[in-house]
Amino acid sequence: MEFYFPEKVFFVMIAGHLTIIKYLAIWTINDGACIISGLGFYKCEGKVAWDAVRNANLLKFAKITRFQHLIVSYNINTNAWLLKYVHKRLKFLNVRILSHFCSMMFLAIWHGFHTGYFTAFGFQLVVMNAEKEFVMAASKSPFIKDLVGKFPRLPDLVGFVYLHLLLGYCVIDFSLLHWNIYRHVYNSVYWYGHIFFVSMFLLSKAYCFFTVPVPCRVEKRYGQEDAKIK
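Keep in mind it's a predicted model, so treat the numbers as computed, not measured. (Residues numbered from 1 in each chain as written. Predicted model: local features only at pLDDT ≥ 70, side-chain atom pairs only at ≥ 80, totals over all residues. Heavy atoms only, no water.)

(A) Quick look at the overall build of the protein chain. Looking only at helices and strands, the protein chain has 10 helices and 2 strands in total. Written out in order from the N terminus, the α and β elements of the protein chain read α-β-β-α-α-α-α-α-α-α-α-α. For the protein chain, the C-alpha radius of gyration of 19 Å lies close to 17 Å, the compact-globule estimate for 230 residues. Taking the principal axes of the C-alpha coordinates as reference, the protein chain spans close to 55 × 50 × 40 Å. Buried positions account for 37% of the 230 residues belonging to the protein chain. Residue pairs in contact within the protein chain that sit at least 24 positions apart in sequence constitute 64% of those at least 6 positions apart. For the protein chain, the exposed surface amounts to about 14400 Å²; the carbon and sulfur share of it is 69%. A distance of 7 Å separates the average location of the 25 positive side-chain charges in the protein chain from that of its 13 negative side-chain charges. (Helix = DSSP H or I, 4+ residues; strand = E, 2+ residues; numbered from the N terminus. Rg over C-alpha atoms; globule rule 2.2 N^0.38 Å. Buried < 20%, exposed > 50% of the residue type's maximum accessible area, 1.4 Å probe, protein only. Contact = heavy atoms within 4.5 Å. Areas by Shrake-Rupley, 256 points an atom, 1.4 Å probe, with all protein chains shown as cover. Lys, Arg positive; Asp, Glu negative; His and termini not counted. Charge placed at Lys NZ, Arg CZ, Asp CG, Glu CD.)

(B) Representation of the packing of helix α7 (residues 154-166) against helix α10 (residues 192-211) within the structure. Interaxial distance between α7 and α10 falls to 11 Å at its minimum, and their mutual angle equals 140°. By the angle between their directions, the pair α7 and α10 is classed as oblique. Packed against α7, whose contacting residues are Y162, L165 and L166, the element α10 presents Y192, G193, F196, F197 and M200 at the interface. Its residues assigned to classes, the contact of α7 with α10 shows 7 nonpolar, 1 polar and no charged. (Axes fitted to C-alpha atoms, helices over the stretch in contact; angles between N-to-C directions. Parallel < 35°, antiparallel > 145°, perpendicular 65-115°, else oblique. Nonpolar A, V, L, I, M, F, W, Y, C, P; charged D, E, K, R; others polar.)

(C) How the structure looks around the pattern of salt bridges. What the rule picks out here adds up to 4 salt bridges. In this structure, K8 engages E2 in a salt bridge whose closest nitrogen and oxygen atoms are separated by 3.4 Å. Exposure remark for K8: the relative accessible area of 16% places this residue in the buried category. Residues K205 and E133 are paired through a salt bridge, measuring 3.6 Å at the closest nitrogen-oxygen approach. One end of the pair, K205, is in helix α10; the other, E133, is in helix α5 (residues 115-139), with 72 residues separating them in the sequence. For K205, a relative accessible area of 39% corresponds to the partly exposed category. Look at E133 and you get buried, because its relative accessible area is 2%. (Salt bridge = Lys/Arg side-chain N within 4 Å of Asp/Glu carboxyl O.)

(D) How the structure looks around α10. Its 20 residues place the ends of α10 27 Å apart at the C-alpha level, agreeing with the 28 Å of an ideal helix rising 1.5 Å per residue. Buried-residue contacts for α10 involve α1 (5-37), α5 and α7. (Expected span 1.5 Å × (residues − 1).)

(E) Highlighting the side chain of N55. By secondary structure assignment, the location of N55 is in the loop between β2 (47-49) and α2 (58-63). N55 has contacts with W27, S73, Y74, N75, I76, N77 and T78, leaving out every residue within four places of it along the chain.

What follows is the structure, encoded as structure tokens:
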């Protein structure tokens, strides 16, 4: 049976969400077991909490509007460990993108040696950087500023749709693992995710270069977290 392109995109979206929900469910059950056993207990600034080993924040995950927000809502402990013990220790490279790339490759090796892990985490690097460039370019656009001023909830709505439409695509290779399997999926949907994020990156860079008189991107101090959910 032949499906139309929108139907294929819908199937990819649903399959990806089911994969993500599987991990969220496992981590939530694990969190409950840790709380019951007392492993989740800790004190912070005199306040008692029970989420010391929480690996998923369902409330935050339900409200995320960027892939960057996944860092503090999905696989939380792994992301925090990677930032502290891998990414920051690559400071000597003096190239942020190279440090990020090495961190992603470390994660791939940590998971295993299937090609799907390496392509998945490599693509994650592309997604994160394309998204950063777009957000920075959008923040400099008078048109978008005016539009957001009239419709304050518009960024959240657009971001929610954008993330959930593309989330499934980003886990195709992570789910199927073998190149000779997942390449057929990519071919059937014309690599739309790769095309989208590469185009986003290039267009954002071009906009900053040709229309913004000041540097579009202000690099944060090395080692700081790139994004926080406010």
